[in-house]
Amino acid sequence: AGGAAPAAPAPSRRRQRFLAALEAPSVDKKALAELAWQGVPEGLSRCEVWQLLLGYRPLTQGRRAEALHRKRDEYWDLRR
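Residues numbered from 1 in each chain as written. Predicted model: local features only at pLDDT ≥ 70, side-chain atom pairs only at ≥ 80, totals over all residues. Heavy atoms only, no water.

Chemist: Looking at this model, I keep getting lost on the nonpolar core. Mind explaining?
Modeler: The tendency in soluble globular proteins is for nonpolar side chains to be buried side by side. Ranked by size, the top nonpolar core spans 11 residues in total: F18, A21, L22, V27, L32, L35, A36, L44, V49, L52 and L53. For this core, the secondary-structure elements that each account for two or more residues are α1 (13–23), α2 (29–36) and α3 (46–53). Once residues within four sequence positions are removed from consideration, F18 is found in contact with L32, L35, A36, G39, V40, P41, L44 and V49. (Core = buried A, V, L, I, M, F, W, Y, C linked by side-chain atoms within 4.5 Å. Buried < 20%, exposed > 50% of the residue type's maximum accessible area, 1.4 Å probe, protein only. Helix = DSSP H or I, 4+ residues; strand = E, 2+ residues; numbered from the N terminus. Contact = heavy atoms within 4.5 Å.)

Chemist: Looking at this structure, I do not really get the side chain of R64. What am I missing?
Modeler: Assignment of secondary structure puts R64 in helix α4 (residues 61–79). No salt bridge is formed by the buried R64; its nearest oppositely charged neighbour, E48, is found at 4.0 Å. Engagement of the side chain of R64 in a polar contact is seen with the backbone oxygen of P58, the distance being 3.2 Å. Not counting the four nearest positions on each side in its chain, R64 is found in contact with L22, A24, V27, E48, L52, P58 and L59. (Lys, Arg positive; Asp, Glu negative; His and termini not counted. Salt bridge = Lys/Arg side-chain N within 4 Å of Asp/Glu carboxyl O. Polar contact = N/O pair within 3.5 Å; in protein donor to acceptor, adjacent residues only side chain to side chain.)

Chemist: How should I be thinking about the pattern of salt bridges in this particular structure?
Modeler: Charged atoms that come close allow side chains of opposite charge to pair. What the rule picks out here adds up to three salt bridges. For the salt bridge of R57 with E48, the shortest nitrogen-to-oxygen distance reads 3.9 Å. We classify R57 as buried; its relative accessible area is 17%. One salt bridge connects D77 with R80, and the closest N-O pair in it is separated by 3.0 Å.

Structural data, given as structure tokens:
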């Protein structure tokens, strides 16, 4: 009756490989493309993966937030 909550299932090996690729200081574009070939696992951002693969977002972790902010500003400037 008062047992502990069931443990969350361990992430699949494929999902772990995706997370490792996305969290690296610099994404290996070829490795990410090979992982994405069979689809992006549920719960991960397919949008982010494709933006990295298509060159919309920089592959370097430290530059991503700044670049995304700049691109959003550019978009809003176009809408005015």
